[in-house]
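Commentary on secondary and tertiary structure
For reference, the chains in residue letters:
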Number of protein chains: 2
Amino acid sequence: MRIGFIGLGIMGGPMAANLVKAGHAVTGHNRSRAAVQRLVAAGGGAASTVADAVRDADVIITMLPDSPDVEQVALGEILPAAQPDALYIDMSTVRPQTSVAVAHTFAARGIRTLDAPVSGGEQGAIDATLSIMVGGSPEAFGRARPVLDALGTTIEHVGPDGAGQTVKAANQLVVAGTIELVAEAIVLLDATGVDVEAGLRVLGGGLAGNRIIDRRAESMLARRYEPGFRVDLHHKDLGIGLEVARDAGVVVPLGAVVAQLMAAVRARGDGALDHTALLKLVEALSGRTR
Amino acid sequence: MRIGFIGLGIMGGPMAANLVKAGHAVTGHNRSRAAVQRLVAAGGGAASTVADAVRDADVIITMLPDSPDVEQVALGEILPAAQPDALYIDMSTVRPQTSVAVAHTFAARGIRTLDAPVSGGEQGAIDATLSIMVGGSPEAFGRARPVLDALGTTIEHVGPDGAGQTVKAANQLVVAGTIELVAEAIVLLDATGVDVEAGLRVLGGGLAGNRIIDRRAESMLARRYEPGFRVDLHHKDLGIGLEVARDAGVVVPLGAVVAQLMAAVRARGDGALDHTALLKLVEALSGRTR
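Residues numbered from 1 in each chain as written. Chains lettered and ligands numbered in written order. Predicted model: local features only at pLDDT ≥ 70, side-chain atom pairs only at ≥ 80, totals over all residues. Heavy atoms only, no water.

An unreviewed UniProt entry lists chain A under the name 2-hydroxy-3-oxopropionate reductase, with Kutzneria buriramensis given as the organism. Looking at chain A in UniProt, the text filed under Sequence similarities (unreviewed entry) is "Belongs to the HIBADH-related family." (UniProt positions renumbered as here; feature names shortened; annotations may be inferred.)

See below:
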């Protein structure tokens, strides 16, 4: 298929390269030229404008930082240039309402859309092992499936327009909360003279077990916070999560507290660190700054 | 080995039976006679008093509800009757200070002790797949190992007297927090018209994945709250967890909030339900009572 790919950053770059590898004709656009050159080196095509990237595309994909970026690019640049029979898949993490608004505006012009945010991070993007949560019509999902299969391993159609973003919002609340729970446990064990590694082995083996202990305990115990997934981005995602909850009239006490704690990590100047820097905050709160 | 086993309840009963199966001579005592009769039927011996159960024992094990029970039985009944070379293992979940106080008092009479609380629930007790977190001296741990091997699969020596209880306290904070995070996600997805099962599959497959989604999502989605592990007991354990944190000067914001939420489940009359009834509370808080 002919694919126009907008946003070739840490996530979008390797995703576009994987689409080339899967045999698609990918034309990429990115504000910085270096990212476009990397796609060309991987066998893709270069476009100097969004319109050039999407004009002949069967499928258009965006992977952009935040809701305003998607609104501007989708409505201002993609919509005027796209073929009427194109499928537009936004894989950015944005507000569900943004996805719904884009879907309605595109539908009025006969263009189908999906919201399909991902989890799995840079490594998942490189390895094509992303989890992809997809909102939109079953027909559009069926059409997108061969493209998404080249990007991820867990691919679920979770509901109508915006549902992918809602699941992503819930995902980010659970991930942040789990990091914070593990951080509190580490500081508690550390402060009481317990063998922290042995303690985490027990926790990891029982009902307290989780993917954060499995995959992040080692770097957390070493207090290594190079990202990974940056606090700034997770902070943005938690804002979306609380907004979704508020709009739905759902009360999320733990989600609300962990969003405040992530905001504190950022306010203290650690926005560029990995989100596991919640541990650094719990240590600071407990007067155990290293 | 000759083992005296005090407390043959939901957990202690199957644990004592597994010790019989492993070839030990187990003499059991319990306040209700029916539990003792079950042990006799499984091949154990009956004792009508604590003193009778422990008098000839090489290893003494208690599995009791709470700290005051352990203090009373250990100091008031076991200590006067036990052999000087006996090993006393308390497998109840109690305050670390209780374990430390018992250890010191027993040590003054030359009797070694371990605190060795478990996780894994009734099924883990029956299947001998418990996780066991052990505090005390390495020598006492080495001596206890053949006994503990008959009860669990993950067995870790985590530090000195009381360390087993501290790890259990951290475990219970993480378990409660994880249930609450999953409950908030379920209500959020449910309220926004998302396919909740598909959404949880995505969460479970990524960094948000945890043992609660793996093992409890099905009963939570069905709103089945028969225990399992009762809210009353988890509420008690969270009290211990917050006390440990306070004593250590460690600040646990998420732990503190989830302890309050568990207290609310109990205050609303659901103390006898499974601890996943945190979901019922989030629904009530969100005006979505079924």
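1. Re the side chain of A:His234
All names here are of chain A. Checked against the element boundaries, His-234 lands in helix α11 (residues 231-248). Relative accessible area serves as the criterion here: at 0%, His-234 is assigned to the buried category. Discounting residues that sit within four places of it in the chain, His-234 has contacts with Gln-172, Val-175, Ala-176, Phe-229, Met-262 and His-275. (Helix = DSSP H or I, 4+ residues; strand = E, 2+ residues; numbered from the N terminus. Buried < 20%, exposed > 50% of the residue type's maximum accessible area, 1.4 Å probe, protein only. Contact = heavy atoms within 4.5 Å.)

2. Considerations on the environment of B:Val40
All names here are of chain B. Structurally, Val-40 is set in helix α2 (residues 33-41). Residue classification places Val-40 among the partly exposed residues on the basis of a relative accessible area of 34%. If sequence neighbours within four positions are ignored, Val-40 has contacts with Gly-45 and Ala-46.

3. Topic: the domain arrangement of chain A
Residue and element names in this part refer to chain A. Domain annotation for chain A reports domain 1 (2-159) and domain 2 (166-285). Between the C-alpha centres of domain 1 and domain 2 the distance comes to 29 Å. Each partner contributes residues to the interface: domain 1 has 12 residues there, and domain 2 has 10 residues. Contact with domain 2 buries surface across domain 1, with Thr-93, Pro-96 and Met-133 losing the most and accounting together for 43% of the total. Taken together, domain 1 and domain 2 are joined by 1 salt bridge. (Domains from an automatic or database assignment. Buried area = accessible area lost by both parts, 1.4 Å probe. Salt bridge = Lys/Arg side-chain N within 4 Å of Asp/Glu carboxyl O.)

4. Things to note about the relation of the copies chain B and chain A
Once chain B has been moved 0.0 Å along the axis and rotated by 180°, it coincides with chain A to within an RMSD of 0.0 Å. Given the turn and translation reported, the copies of this chain are related as if by a two-fold rotation axis. Taking C-alpha positions as the reference, the residue of chain B nearest the rotation axis is B:Asn210, at 2.0 Å. The fraction of interface residues of chain B whose copies in chain A are also interface residues reaches 100%, indicating that both copies meet through the same surface. (Least-squares fit on C-alpha atoms with pLDDT ≥ 70 in both.)

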